[in-house]
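# Per-entry structural report
The chain contents come next:
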Amino acid sequence: MSLDRVNPAALSPARGFSHAVVATGSRLVFLAGQTALDGDGTVVGATLPEQFRTALTNLLAALTAAGGTPRDLARVTVYATDVADYRERARELGAIWRELAGRDYPAMAVVGVVRLWDSEALVELDGFAVLD
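The sections below set out a description of the structure shown in this document. Keep in mind it's a predicted model, so treat the numbers as computed, not measured. (Residues numbered from 1 in each chain as written. Predicted model: local features only at pLDDT ≥ 70, side-chain atom pairs only at ≥ 80, totals over all residues. Heavy atoms only, no water.)

### A look at the nonpolar core
Membership of the largest hydrophobic core comes to 24 residues, with the highest contact counts inside it found for Phe-52, Leu-73, Val-76, Trp-97 and Leu-125. Mapped by element, the contributors of at least two residues to this core are β3 (27-34), α1 (48-65), β4 (73-80), α3 (90-101) and β6 (123-131). For this core, the element with the most residues is α1, which contributes 7 residues. Val-76 has contacts with Leu-59, Trp-97, Pro-106, Ala-107, Met-108, Ala-109, Leu-125, Asp-126 and Gly-127, leaving out every residue within four places of it along the chain. (Core = buried A, V, L, I, M, F, W, Y, C linked by side-chain atoms within 4.5 Å. Buried < 20%, exposed > 50% of the residue type's maximum accessible area, 1.4 Å probe, protein only. Helix = DSSP H or I, 4+ residues; strand = E, 2+ residues; numbered from the N terminus. Contact = heavy atoms within 4.5 Å.)

Structure, rendered in structure tokens:
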């Protein structure tokens, strides 16, 4: 399996994401949306960074259980209830990403939403990975 990150010089610099990811492999893992739910199904964390850390941890736990690693992520979509807050905390969220998932960034998008399934949730992440 290989994921080749493509960041053309003609596009704005990719910081914390890749413009394109070319995936070659034999297994796709589709990852359901993960919020900051603990093992009991309760949203934990009052701030966006706290919830982002838990949601990303949950996404990576699902990926690991399917046999993958953060490096296998080809695409992640972030759904945020407050995009302005997300932008303001981008450095902190980026540091959390690098700590948990490393620097091999997938293709990513941040989408503003009115609310998530659990009204206390501030952020949700879903995506897919390509494995051998």
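Here the narrative resumes, following the displayed structure.
### Some details on α3
Helical geometry: 3.6 residues make up each α-helical turn, so side chains three or four residues apart lie on a common side. Along its 12 residues, α3 runs 15 Å from first to last C-alpha, staying within 8% of the 16 Å computed at 1.5 Å per residue. For α3, the set of buried residues is Leu-93, Gly-94, Ile-96, Trp-97 and Ala-101. Projected onto a plane normal to the axis of α3, the buried residues spread over an arc of 160° and lie on a single side. Those residues of α3 that are exposed and angled more than 90 degrees off the buried face are Arg-91 and Glu-99. In this fold, the buried residues of α3 make contact with α1, β4, α2 (83-88), β5 (107-112) and β6. (Expected span 1.5 Å × (residues − 1). Arc of directions from axis to C-beta.)

### Section: the pattern of salt bridges
With the rule as written, the count across this model stands at 4 salt bridges. Among the ionic pairs, Asp-85 bridges to Arg-89, the shortest N-O distance being 2.8 Å. The exposure class of Arg-89 is partly exposed, given its relative accessible area of 28%. For Glu-92, the salt bridge goes to Arg-89, with nearest N and O atoms at 3.9 Å. The partly exposed category is assigned to Glu-92, whose relative accessible area is 42%. (Salt bridge = Lys/Arg side-chain N within 4 Å of Asp/Glu carboxyl O.)

### Description of the pairing of β6
Of all 9 residues in β6, 8 are buried, a share of seventy percent or more. The pairing of β3 with β6 spans 6 bridges and is antiparallel. By the bridge assignment, Leu-31 is partnered in β6 with Gly-127. Here β4 runs beside β6; their pairing, made up of 7 bridges, is antiparallel. By the bridge assignment for β6, Val-76 is matched with Gly-127. (Pairing = 2+ DSSP bridges.)

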